[in-house]
2 protein chains.
Amino acid sequence: MTARYIEIYQQFKTDIIQEKYPANSFLPSEAKIASQFSCSRDTVRKALSHLEEDGFIQKQHGRGSQVLQHSLVNFPISGLTSFQELKQVQRLDANTKVVLLKRLQSTAMNRQTTGFPAKTKLYHLIRVRYINGLASVIDEDYFDRSVVHNLTAEIAAGSIYEYLENTEKLTISYAEKSVTAELISKQDRLLMPDLPERENRLIQVESRVHLADTTYFQHTISRHRPDKFQFNEFSRRQKK
Amino acid sequence: MTARYIEIYQQFKTDIIQEKYPANSFLPSEAKIASQFSCSRDTVRKALSHLEEDGFIQKQHGRGSQVLQHSLVNFPISGLTSFQELKQVQRLDANTKVVLLKRLQSTAMNRQTTGFPAKTKLYHLIRVRYINGLASVIDEDYFDRSVVHNLTAEIAAGSIYEYLENTEKLTISYAEKSVTAELISKQDRLLMPDLPERENRLIQVESRVHLADTTYFQHTISRHRPDKFQFNEFSRRQKK
DNA sequence: CCCAATTTGTGCGTATGTATT
DNA sequence: TAATACATACGCACAAATTGG
């Protein structure tokens, strides 16, 4: 029982992607959409607002809703998207090697790296992502074990988010992220043996991920090969 | 004549920043806020939705709206924020040197760098941003002259967006952005003389900026010193 | 375990304002 | 000027989640 406005959102999203509404064309007016879907204009407006947020359309007062060029191979890291989901969307030739999976407890010492307060029981996971056979990303994760139970190497090699959302029924909600360029460590060189000597930094995306009830449960540090890194984003100017 | 829901949004935003509602506390219920502001619940909900989008609160069905830790010195590049606005928000010791400002016309040849189709009349602008006296960012802009008129070095040294929005009455609306790590050119070394020899890449943020009527008018290439680059973002997981 | 109160989520209808053509 | 389209706001009803008794 998905909400009506979500259905309408999805309908237009797929129609736009399939170019039933090509770039620069206009959607039908809100009133027409409402009568087509036999719903109120308010419901249509909710759907269109989401399409606008996500960069599919631009609403124009008095004119209509215009379809934007959708930047095709988008979202490599934007939003909160897992590697497995990207792999599907972009049809990448990608696989994952689990380098380390162990239980540990955070301490005052490692608070900085784990991202958790002392004495939290954690999983520590390190994975290398290979794209077209090339080691391209090193992912290091810390999960709160009071939230994530029974993490196995098999799950870690597949989709952890799929497991958390579907099997453990968690609702992943939001994250604070930061992107920096960090110096390459000896461990990085070992895990990315093809990395040219002249490179001295990896692009690091650090995320602190929370559930819908605001529980903080995951700290991820993703280090990307600089020559393979690309991060696309759609952004809107904030109304004053 | 700002919209009522925007006023309510702003009221709560400042209250949260000033910690009248501290992190982890709950806002009053939507019904209470509505009666406080003598407005409908619908208006309150619009305001709260925007607060949630922007990472100030987390709404929880059946519980209420909880205030999130707001990542303090946030938004260095996220969204569509001008350097001058960042400078104000972050109280940076920053200034700008205009290196180049000239008129030119795009050709089929330079289409890639200018970001515009051939024969578009453009401004070409290069600026260096100094933070605490250190050359930290090289900004290269191309503006469509049919949109941006009378660009001067004085305006370019100050806030172009302030000029465009307030003087030229343009509504800057959205951008497609990409972040990559690019090899350092000779020109980069000249403009950033303090850049250590061992660094081989700058972090490049490329933006294509559009007005509310979808007119494409600005292409910006910002190259950042890798040791000074940090890009923070709040992001929400997409609902399926 | 269930019920009741509270709170947010969704949807409908209506009215009025404002921008575009 | 008139018609069309989006923007804002109010009110109501019921559904669904949470909490506490």
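Everything below is about the structure shown above.
Conventions and cut-offs
- Residues numbered from 1 in each chain as written.
- Chains lettered and ligands numbered in written order.
- Predicted model: local features only at pLDDT ≥ 70, side-chain atom pairs only at ≥ 80, totals over all residues.
- Heavy atoms only, no water.
- Near = heavy atom within 4 Å.
- Polar contact = N/O pair within 3.5 Å; in protein donor to acceptor, adjacent residues only side chain to side chain.
- Helix = DSSP H or I, 4+ residues; strand = E, 2+ residues; numbered from the N terminus.
- Nonpolar A, V, L, I, M, F, W, Y, C, P; charged D, E, K, R; others polar.
- Least-squares fit on C-alpha atoms with pLDDT ≥ 70 in both.
- Contact = heavy atoms within 4.5 Å.
- Buried < 20%, exposed > 50% of the residue type's maximum accessible area, 1.4 Å probe, protein only.
- Phe/Tyr/Trp six-rings, centres within 6.5 Å; stacked < 30°, edge-to-face > 60°.
- Lys NZ or Arg CZ within 6 Å of the ring centre and 35° of its normal.
- Patch = residues over 30% accessible without salt bridge, like charges linked within 9 Å, V, L, I, M, F, W, Y side chains within 5 Å.
- Areas by Shrake-Rupley, 256 points an atom, 1.4 Å probe, with all protein chains shown as cover.
- Salt bridge = Lys/Arg side-chain N within 4 Å of Asp/Glu carboxyl O.
- Lys, Arg positive; Asp, Glu negative; His and termini not counted.
- Charge placed at Lys NZ, Arg CZ, Asp CG, Glu CD.
- 1 Å grid on protein atoms, 1.4 Å probe; cavity = no way out; pocket = protein on both sides within 12 Å on 5 of 7 lines; lining within 4 Å.
- Points joined across faces, edges and corners; volume = space filled by probe spheres on them.
- Buried area = accessible area lost by both parts, 1.4 Å probe.
- Pairing = 2+ DSSP bridges.
- Expected span 1.5 Å × (residues − 1).

Q: I'm lost on the protein's contact with DNA strand C in this one. Help?
A: Close to DNA strand C lie 24 residues; Arg4, Thr43 and Arg63 of chain A together with Arg41 and Arg45 of chain B are nearest. Of what DNA strand C places within 4 Å of the protein, 74% of the atoms are sugar or phosphate. Arg63 of chain A places a side-chain nitrogen or oxygen 3.0 Å from a phosphate oxygen of DNA strand C. Between Arg45 of chain B and DNA strand C, the recorded distance is 2.7 Å, taken from a side-chain N or O atom to a phosphate oxygen. Per element, the largest residue contribution to the surface near DNA strand C is 3 residues, and it comes from helix H3 (residues 41-53) of chain A. Residue classes in the surface near DNA strand C are distributed as 3 nonpolar, 11 polar and 10 charged.

Q: Is there a simple way to think about the relation of the copies chain A and chain B in this case?
A: Superposition of the two copies of the chain requires a rotation about an axis together with a shift along that axis. Between chain A and chain B, the superposition needs a rotation of 180° and an axial shift of 0.0 Å, giving an RMSD of 0.1 Å. The superposition operator between the copies reduces to a two-fold rotation axis. Looking at the interface residues of chain A, 100% of them are also at the interface in chain B, so both copies use one shared face.

Q: Quick question: what am I supposed to make of unusual backbone geometry here?
A: Trans is the common state for peptide bonds, and a negative phi is the common state for residues other than glycine. Unusually for a residue other than glycine, Asn150 of chain A sits at a positive phi of about 55°. The residue Asn150 of chain A is located in the loop between strand E5 (134-144) and helix H6 (153-157) in this model. On the basis of relative accessible area, Asn150 of chain A is assigned to the exposed category, the value being 54%. At Lys119 of chain B, a residue that is not glycine, the phi angle is positive and equals roughly 70°. Of note, Lys119 of chain B is situated in the loop between helix H5 (111-114) and strand E4 (121-131). By relative accessible area, Lys119 of chain B is classed as exposed at 70%.

Q: Honestly, the protein's contact with DNA strand D in this entry has me stumped. Any pointers?
A: Residues in close proximity to DNA strand D total 25 residues, the closest being Glu30 and Arg45 of chain A together with Arg4, Thr43 and Arg63 of chain B. Protein-proximal atoms of DNA strand D, defined as those within 4 Å of the protein, fall in sugar or phosphate at a share of 75%. A distance of 2.3 Å is found between a phosphate oxygen of DNA strand D and a backbone nitrogen or oxygen belonging to Arg4 of chain B. Side-chain polar atom of Thr43 of chain B to a phosphate oxygen of DNA strand D: 2.5 Å apart, as the coordinates give it. Looking at the surface near DNA strand D, the elements that each hand over two or more residues are helix H2 (30-36), H3, strand E1 (57-60) and strand E2 (64-67) of chain A together with helix H1 (4-17) and helix H3 (41-53) of chain B. Residue classes in the surface near DNA strand D are distributed as 4 nonpolar, 11 polar and 10 charged.

Q: Hey, could you run me through the packing of aromatic side chains in this one?
A: Two numbers describe a pair of aromatic rings. These are the distance of the centres and the angle of the planes. Evaluation of the coordinates by the stated rule reveals 13 aromatic pairs over all chains. Arranged with centres 6.0 Å apart and planes meeting at 45°, the rings of Phe12 of chain B and Phe37 of chain B form a pair that is tilted. Here Phe12 of chain B, found in helix H1, pairs with Phe37 of chain B, found in the loop between helix H2 (30-36) and H3; they are 25 residues apart in sequence, far enough to count as distant. Of the two residues, Phe12 of chain B and Phe37 of chain B, neither departs from the other in class, the shared state being buried. Clustering of aromatic rings is evident, with ring pairs tying together Phe229 and Phe231 of chain A together with Phe229 and Phe231 of chain B. Lying across the ring of Tyr123 of chain B, Arg145 of chain B places its NZ or CZ 5.9 Å from the centre.

Q: Explain a negative patch on the surface to me, please; I cannot follow it from the model alone.
A: A cluster of acidic residues, Glu53 and Asp54 of chain A together with Glu53 and Asp54 of chain B, forms a negative patch at the surface. Assignment of secondary structure puts Glu53 of chain B in helix H3.

Q: Explain empty space enclosed by the protein here, please?
A: One water molecule sets the probe size; rolling that probe over the atoms shows where empty space is left. Enumeration over the complete set of coordinates arrives at 2 cavities of 30 Å³ or more. Approximately 60 Å³ is the volume found for the largest cavity. Residue lining of the largest cavity: Ala181, Glu199, Asn200, Arg201, Ile203 and Pro226 of chain A together with Glu199, Asn200, Arg201, Ile203 and Pro226 of chain B, and that is the complete set. Mapped by element, the contributors of at least two residues to the lining of the largest cavity are strand E7 (201-211) of chain A together with strand E7 (201-211) of chain B. Broken down by class, the residue content of the lining of the largest cavity amounts to 5 nonpolar, 2 polar and 4 charged.

Q: Explain the interface of chain A and chain B to me, please; I cannot follow it from the model alone.
A: Interfaces are often sized by the accessible area lost when the parts come together. On the side of chain B, 49 residues touch chain A, which itself brings 49 residues to the contact. Of the roughly 4200 Å² buried where chain A meets chain B, counting both sides, 41% is carbon and sulfur surface. The largest per-residue losses of area from chain A upon contact with chain B belong to Glu233, Ser235 and Arg237 of chain A, which jointly make up 17% of the total buried on that side. Where chain A meets chain B, there are 4 salt bridges. Close ionic contact of Glu165 of chain B with Arg237 of chain A constitutes a salt bridge, the shortest N to O distance being 2.7 Å. Breaking the side of chain A that touches chain B down by element, the ones donating at least two residues are helix H1 (4-17), E1, helix H7 (160-167), strand E6 (172-183), E7 and strand E9 (231-236) of chain A. Split into classes, the residues belonging to the side of chain A that touches chain B amount to 16 nonpolar, 17 polar and 16 charged. Inspection of the sheet shows E9 of chain A paired to strand E6 (residues 172-183) of chain B by 6 bridges, in the antiparallel sense. Directly across from Glu233 of chain A, in E6 of chain B, lies its bridge partner Lys177 of chain B.

Q: Could you clarify how one ought to interpret H3 of chain A in this entry?
A: Helical geometry: 3.6 residues make up each α-helical turn, so side chains three or four residues apart lie on a common side. Residues and elements named next belong to chain A. Taking 1.5 Å per residue as the helical rise, H3 with its 13 residues ought to reach 18 Å, and the 18 Å between its terminal C-alpha atoms agrees with that figure. Taken residue by residue, H3 has Thr43, Val44, Ala47, Leu48, Leu51 and Glu52 as its buried positions. Elements in contact with the buried residues of H3: H1, H2, E1, E2 and E9. Note on H3: the residue one or two positions beyond its end, Gly55, has a positive phi of about 85°.

Just geometry here; none of it tells us what the structure is for.
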